[in-house]
Amino acid sequence: QVQLVESGGGLVQAGGSLRLSCAASGRTFSTYSAGWFRQAPGKEREFVAAIRWSGGYTYYSGSVKGRFTISRDNAKNTVYLQMNSLKPEDTAVYYCAATFRPSTTVHQLIDYDYWGQGTQVTVSS
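These notes cover the structure that comes with them. A quick note: this is a predicted structure, and the numbers were derived from the prediction, not measured.

Description of unusual backbone geometry
Phi is positive for asparagine 77, which is not a glycine, with a value near 55 degrees. A relative accessible area of 13% places asparagine 77 in the buried class.

A closer look at the pattern of salt bridges
Within the structure shown, the criterion is met by 4 salt bridges. Of the charged contacts in the structure, one is a salt bridge between arginine 38 and aspartate 90, with a shortest N-O distance of 2.9 Å. With arginine 38 in strand β4 (residues 33–39) and aspartate 90 in the loop between β8 (78–83) and β9 (92–99), the pair connects residues that are 52 residues apart, well separated along the chain. Summarising the burial analysis for this pair, arginine 38 and aspartate 90 share the class buried. Two residues, arginine 67 and aspartate 90, come together in a salt bridge whose shortest N-O distance is 2.8 Å. Of the two residues, arginine 67 is situated in the loop between β6 (58–60) and β7 (68–73) and aspartate 90 in the loop between β8 and β9; the sequence distance between them amounts to 23 residues. As far as burial versus exposure is concerned, arginine 67 and aspartate 90 are alike and both buried.

A short note on the pairing of β7
Strand direction decides the pairing type here: β7 and β8, joined by 6 bridges, are antiparallel. Bridge pairing links serine 71 to tyrosine 80 in β8. Counted along the chain from β7 to the antiparallel partner β8, the turn is 4 residues long, and its residue asparagine 77 has a positive phi close to 55 degrees.

Calculation rules
- Residues numbered from 1 in each chain as written.
- Predicted model: local features only at pLDDT ≥ 70, side-chain atom pairs only at ≥ 80, totals over all residues.
- Heavy atoms only, no water.
- Buried < 20%, exposed > 50% of the residue type's maximum accessible area, 1.4 Å probe, protein only.
- Salt bridge = Lys/Arg side-chain N within 4 Å of Asp/Glu carboxyl O.
- Helix = DSSP H or I, 4+ residues; strand = E, 2+ residues; numbered from the N terminus.
- Pairing = 2+ DSSP bridges.

Such coordinate-based values are descriptive only and should not be taken to indicate function.
Dropping the structure here:
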C-alpha cells in the first residue's frame, strides 16, 4: 500500500512563492510517475503538473507553465512542486498523485492510483 502526504501549503500574497512536497511511503518514488492536481471551490479537480519516472519527463498545464516546476528526489522518496509568481486564481487544494502503471497520458485523474489528502494554497491579492 502506498501513502502520499503533502505539505507546504499556506497563505501567500500574489507574486509570492511556495514549495509543495509530497512524501511517499510503501514503494519507492523512483518507480512512479507522479502528478499534482488542484481543486478550487465549486470547480472540478484539474491537472497542474506531472513527472514520469522513466526519463524524468515533465508536463504542465498551460495555466502554470513557466511559473511552476515539478521535480523529484528519489533518495528522499519525495516529489516537489515549486510555485512562483503565484496568482489569486492559483488558490485551491493541491493534491499529489502517483501511479506505477505505464500510461500514455499523465493529465487525467484516471492515470493515477494513489492520492494524498491535499494541502490548501491560498493566494491573496
